[in-house]
Structures are given as C-alpha cells and as structure tokens.
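Topology and contacts: notes
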Amino acid sequence: MLLSVENLEVKYGNIQALHGISFHVNEGEIVTLIGANGAGKTTSLYAVARLAPPEAPRVIAGDIKFQGKSILATRPSDVVKQLKMALSPEGRRIFGNLTVMENLKLATYARDKSADLEQEFERVFDLFPRLKERRLQRSESLSGGEQQMLAVGRALMTGCRILLLDEPSMGLAPVLKYELFRKLKRLNEEGMTILLVEQNASLALNLAHRGYVLDTGHIVAEGTSAELSNNPDVKKAYLGG
Amino acid sequence: MLKRYSVHLILTLLGGLIVYLAYFEYLGLYFLSVLMFMGVNIILSSSLNLVNGYMGEFSCGHAGFMCVGAYVASVLGVWLFARDRVFGAPLLDPDYALYAFPVIILAGGVAAALAGLLVAFPSYKTRGDYLAIITIAANYIIISAIENMSSIGGSRGLMGMKGVINAMEDTLYLPWMPIWVFLFTIFCVWVIRRYVSSTFGKGVNAISQDEVAAEIMSVNTNKIKTITFMLSSGLAGIGGGLFAYILGYVNPGSFNILKSTEIMVMVYLGGMGSLSGSILAAIFFTILLELLRPLQIIKWIVIPLVLIILMQFRPEGIMGNRELGQIFPRLKKFYRFK
C-alpha cells in the first residue's frame, strides 16, 4: 500500500468536513474519489498534500500514511520533494505571468540539479504537444484546456510518482476531456500512480481501477470501478440512471 | 567586450565624476546631499519592492527597519570612534574609522534584518491587509522602543556621527560619505538583482502569484518569506545607517509612518516588481521633493495629488512590471546582465 488514509477527520475552523474516511492507493493504480459538490473530495486531496490552513483543513483525528509512515508532520514542499507526490489543483492555479516553459521550470524548483531535465521536458511535450507549440507564450493567454494540460504537465515536472488530480475535466470541452483522460491512462500505463478526484463520475470510473464514493464527509460506497458502475445506488445518484 | 563591461564602465565613470566634483567642491553641499539622499532612496525603494512588488505582500513599516539600521550604525560608530557626551572617549583609535565604517553600516543592516523577523513570522499565516497592519505595528513598536531608551537620546535623538566622518577624513582626505553611499547603493541593487533573478528568487514570484500553487510546486514558502523579509529589511537598515551619517543626526520621529509612506510612494510610482522602475522613481521622487521644497507644508498636498493622478492614469507605475531592457530592447545591445 503506497498511500493510506485512516479514519481521517478534518475541520475548517469549527466546521467538520470529513467524518472519519479511510481509503488507500496501491502502487500503479488509478483510484478515484467521486461525489457531489461539498462531499469532501478536494478537502481529502488537500489533506493528503498536507497543505496548511487557512486554505486547507486541519486534521483533528486519524492518520495519513505513506508507505506505512505517518506524514502528518510533513511540510507540503517536502511532500513533493521527498514523497514524490504532486498535486494538480482544482482551477489549475498556474502562474499566469510566467511563460509555459517558466511554469514547467518552476516545478523543478527543489529537484536535484543533476537530473536529466531535458528528457523530462520532452516527455511532457510528447504527452501534450500543444504545450510545446505554446511554450514561450504567457500561460494566462492559453485556453482552458491548454491550461489544464499545463497544470498536469507542471505536476509531472516535479518528478512525482503519485499524481493527485483535482477535477481535471472541469470546464473542458468534451473532446478535450476525453483526450486528457486518454493521456492520463497512458501515464498510468507508464507506471504513474494516480489519485483522481472528479465530479464526472462516469468518466472517472471508466478510467480508474477502483473508486470511493464520498457523501458529506463520509465514504458511502467503495469497490472496483465495475462494481461501482453496477451499484444501483451509485448509478441512481451519480451516473444518471 | 564593451557590451560585457559597459555597466561597470558607466558606474565607474559616474562614481568617479561624483567624487571628482565633490572633492574639488564644484558641487555645493546642498547638491551633494540631494545626490546622497537619492542613493539612500534607491536602496529603500528597491528593497521595499522586493516585498511589495516581487513577493506581492503589503508591508508599510519599512521605515521601522531603516530606523533600526540607523540607530545601530550610529551608536556603534559614535561609541567606537568619536568623542561624545554620552559615550565618552572613543573606544578605538579613530584612525580605524575608515576601515570599520562599512562594517558598521553592515552591522546596522544585520540588526535590521533580525528586526525583520518581527514581520516574517506573522507572514506565515496572514497576508494582505492583515499583514499590512502587522507591519505598521512593527514600525510603531520599533519607534516607541527607541523613544523610551534614554541612554541613546530617546525622542531627542542622537548626534555625533559627524565625528566619525571627521575621523575618516583625518585619515585620508576624500569626500567619504558620497563614496560610501554610492558603493552601498550599487551593492544593494546588485544584491536584489541577483536575488530575484536566481532560481530561488523565482519562488518569490511564485508566492506573489499563488501561494498554494507555489507550495505544491515544492517551494518552501515559509523559508522564502523569512529570507525575503530579512533581506528587504536588512537592506533598509543599510539605507537607514547611511541616512543617519548623511544627516549627522537621527531621531525616532524621522522614521515614522510618513517616511514609510514616502518609500511606498516611490515603489508604486516606479512600478511593482520592476527594479529599474524603483531606481528611476527614487531619483525622480527625490528631485520632485526638492523642487517642491519652496511650497513647504503644501508639498504634502501636492505629492499625494500627483500620486492620485498617477494611479488614475497609469496604475501600474512608470515601468509597470517590466525592466528597462524590456521597454527599450535596443538598450540590450549595450549592456548585458546576468
């Protein structure tokens, strides 16, 4: 088990957002957390990435373990650096006044200077050829889909082994959505472990190996993607039929 | 070859010219002091730009750190090298004053950098308006601390820095103050330039854009904030030390919130996140203040008005977010910066 979350309870100020959720991610898997607005999906990811309050929640009970060791005391910059776990946040949050290339370079901020970065830039450009075309453009001038590609590419450039994706399909045209998910599948086939948070449940379950359904801070269902897709409750609530 | 050393060449010529004019007294004392204040203002505005412009925080207590630097440098200098009513006979041979002077100014800078921690720690958890209030508070804390230290003059202020300058001139007769101000100004601008163009400095830009995104890109935001606040206030301390020696007199009242505002005006005038903008604005603002001197107190109506007009018609400042080389690409032919 690469990453495991055990009975996690978190609060924003006085409001409890997660009421003891548990899930785990194995190496090489794609795991998805699905659920409606306010179910606690983003909160779970922020907690795993160890972001600090006020933006992120405060853990009050439970534990988050990486390869069996608690990471509750780890700083977010060390989550990226030492645990190789990178978050591509909701709403992209790219650095708009920097060029595409500078955005990608910034992601290598804490990396070993001897690492073969050229090859990794190539890998990202190979995955998202559009970024290569636009690499000298200020990133705020990119389209929404391209910005999303940049956000994923930026996370990859940190040299991560686990990718935490928060709503990568948000605001994308259907064509781009499918394209992005095909790319994610390819990444996974190359060995990347992915924890995906998604509102678009059918899309997410199509891609993922396993999934968890979150509802107002509780996990209400879990299982393989096939099991969840056939679960009548899940079907009714999230898959439109 | 010429391209590579053109900046060095121009600076050397400029420095040489100022020293030459000062030495043969072609420049009156008045012009000389305006020139020196220009240097100090360049240090102050560019160091504040580091926090307000590059890092995107809002610090309004810059004069407080300047005050720390001014007092530490003055007390050290007077105590070590000058005969003074309060501190008595000089502790060291005044012949050493010349060599020790840069160390004294730097010591003021270090003390101010430590005072910068007053603002750096709260900045981990707050930003924006809340941090601005904290920086104002820091400004007041520093001033009232010094006002209540009667051993260094309290609110009456501290004198005797002229003795240190005299000691330097006794050792070797040169216009030392203009020389030191010139050298320290170049030093400070160089440090800031190197800092913001380094890989580490890119993290500063990332913080100003989006702190959470910076954090998940493995930028250790707390560390960068600490270092940036300390560097910024440390450089302000150097500026403060020079300010004290130019005037030959310091009192806490001259480092109040009005002075902080003045520095902020220069930063916004020049443009956030533009080093050349800060420098130009400091030069322009110093001249403007001198030109408006005959207006006396009305000056403080005219200057805010100028600022309001500027914010109306060019809110991004003279240079915006750009450097000189980006506005006039042709200039790049003549110099190269790394």
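Details of the structure are given in the entry above.
Below is a summary of the structure that appears in this document. (Residues numbered from 1 in each chain as written. Chains lettered and ligands numbered in written order. Predicted model: local features only at pLDDT ≥ 70, side-chain atom pairs only at ≥ 80, totals over all residues.)

Looking now at the overall build of chain A. Within chain A one finds ten helices and ten strands. Over its C-alpha trace chain A gives a radius of gyration of 17 Å, about what one expects of a compact globule, namely 18 Å for 241 residues. Based on the C-alpha atoms only, the size of chain A along its principal axes is roughly 45 × 40 × 30 Å. In chain A, which comprises 241 residues, the share counted as buried stands at 44%. A separation threshold of at least 6 residues defines the contact pool for chain A, and within that pool the share at least 24 residues apart is 66%. (Helix = DSSP H or I, 4+ residues; strand = E, 2+ residues; numbered from the N terminus. Rg over C-alpha atoms; globule rule 2.2 N^0.38 Å. Buried ≥ 20, exposed ≤ 12 C-beta atoms within 10 Å, placed from the backbone. Contact = placed C-beta atoms within 7 Å.)

All right, on to the overall build of chain B then. Along chain B, the regular secondary structure elements total 15 helices and two strands. Taken over C-alpha atoms, the radius of gyration comes to 20 Å for chain B, in line with the 20 Å a tight globule of 338 residues would show. Reported as C-alpha extents along the three principal axes, the dimensions of chain B are approximately 55 × 50 × 45 Å. Pairs at least 24 residues apart make up 81% of the contacts formed inside chain B by residues separated by at least 6 positions.

Quick look at helix H3 (residues 62–81) of chain B now. Taking 1.5 Å as the rise per residue, H3(B) with 20 residues should run 28 Å; its terminal C-alpha atoms sit 29 Å apart, in good agreement. H3(B) sits mainly inside the fold: 18 of its 20 residues count as buried. (Expected span 1.5 Å × (residues − 1).)

One frequently used descriptor of interface size is the decrease in accessible area upon assembly of the parts. Between chain A and chain B, the contact holds 21 residues from the first and 14 residues from the second. For the side of chain A that touches chain B, the secondary structure elements donating two or more residues are helix H2 (76–81) and strand E6 (85–88) of chain A. If one sorts the elements of the side of chain A that touches chain B by residue count, H2(A) sits on top with four residues. Looking at the side of chain A that touches chain B residue by residue, the classes come out as twelve nonpolar, four polar and five charged. (Nonpolar A, V, L, I, M, F, W, Y, C, P; charged D, E, K, R; others polar.)

Neighbouring strands of a sheet are bound in pairs by backbone hydrogen bonds; such pairs are parallel or else antiparallel. All names here are of chain A. Read from one edge to the other, the open sheet built from four strands follows the order E2-E1-E4-E5, with strand pairing classed as antiparallel. Bordering the open sheet on either side are strand E2 (15–25) and strand E5 (69–70), each of which pairs with just one other strand. Examined bridge by bridge, strand E4 (residues 58–66) and E5 share two bridges and lie antiparallel to one another. Across the sheet, the residue bridging to Lys65 is Ser70, located in E5. (Pairing = 2+ DSSP bridges.)

Turning our attention to the pairing of E4(A). Residue and element names in this part refer to chain A. Pairing analysis gives seven bridges linking strand E1 (residues 3–12) to E4, with the strands arranged antiparallel. In the sheet register, Glu9 faces E4, and the bridge partner there is Ala61. Hairpin connection from E4 to E5: two residues lie between these consecutive antiparallel strands, with Gln67 at a positive phi of about 50°.

Turning next to the packing of H3(B) against helix H4 (residues 97–115) of chain B. Residues and elements named next belong to chain B. Running from N to C, H3 and H4 point in directions that differ by 145°, and their axes come no closer than 8 Å. When the axes of H3 and H4 are compared, the crossing they make is right-handed. Of the residues in H4, those touching H3 at Phe65, Val68, Gly69, Ala70, Val72, Ala73, Leu76, Gly77, Leu80 and Phe81 are Ala97, Ala100, Ile104, Ile105, Ala107, Gly108, Gly109, Ala111, Ala112 and Ala115. Split by residue class, the contact of H3 with H4 holds 16 nonpolar, four polar and no charged. (Axes fitted to C-alpha atoms, helices over the stretch in contact; angles between N-to-C directions. Left-handed = near helix turned anticlockwise from the far one by under 90°.)

As a further point, take the sheet that holds strand E10 (residues 218–224) of chain A. Residue and element names in this part refer to chain A. Taking strand neighbours across the sheet as the criterion, the six strands line up as E6-E7-E8-E3-E9-E10 in an open arrangement whose pairing is mixed. Taken across any chain shown, the strands that pair with only one partner, and hence form the sheet edges, are E6 and E10. Recorded for the sheet is a direction-independent mean angle of 15° between the axes of neighbouring strands. The pairing of strand E9 (residues 210–215) with E10 spans six bridges and is classified as antiparallel. The residue of E10 that forms the bridge with Gly211 is Gly223. The strands touched by helix H1 (residues 41–48) within the sheet are strand E3 (30–35), E6, strand E7 (162–166), strand E8 (193–198) and E9, with E7 carrying the most contacts at an inclination of about 150°.

This part is about the packing of helix H8 (residues 176–197) of chain B against helix H11 (residues 221–247) of chain B. Residues and elements named next belong to chain B. Between H8 and H11, whose axes approach to 11 Å, the crossing angle comes to 170°. Classified by the angle between their axes, H8 and H11 sit roughly antiparallel to one another. Residues Met177, Trp180, Val181, Phe184, Cys188, Val191 and Tyr195 of H8 lie in contact with H11, whose contacting residues are Leu231, Leu235, Ile238, Leu242, Tyr245 and Ile246. (Parallel < 35°, antiparallel > 145°, perpendicular 65-115°, else oblique.)

A few words on helix H6 (residues 144–157) of chain A. Residues and elements named next belong to chain A. Under the 1.5 Å per step criterion, the end-to-end length of H6 is 20 Å for 14 residues, consistent within 8% with the ideal 20 Å. For H6, a buried count of twelve out of 14 residues is recorded, marking the element as mostly surrounded by other parts of the structure. Buried residues along H6 sit in contact with E6, helix H3 (100–106), helix H4 (117–127), helix H5 (129–133), E7 and helix H7 (174–189). Of the residues one or two after H6, Gly159 is the one with positive phi, at around 80°.

This part covers the environment of B:Val110. Residue and element names in this part refer to chain B. By secondary structure assignment, the location of Val110 is in helix H4. Judged by local crowding, Val110 falls into the partly exposed class, with 16 C-beta atoms found within 10 Å. Once the C-alpha coordinates of Val110 and Gly253 are considered, the two residues, 143 residues apart in sequence, prove to be 22 Å apart.

Looking now at the environment of B:Met159. Residues and elements named next belong to chain B. When you line up the elements, Met159 lands in strand E1 (residues 158–159). Using a count of 19 C-beta atoms within 10 Å as the deciding quantity, one classes Met159 as partly exposed. It is 9.2 Å that separates the C-alpha atoms of Met159 and Ala244, two residues lying 85 residues apart in sequence.

What follows covers the environment of B:Ala281. All names here are of chain B. Along the chain, Ala281 turns up in helix H13 (residues 275–291). Along the chain, Ala281 and Val212 lie 69 residues apart, while their C-alpha atoms are 32 Å from each other. Setting aside chain neighbours within four positions, we find Ala281 in contact with Ser45, Met266, Leu269, Gly270 and Ile318.

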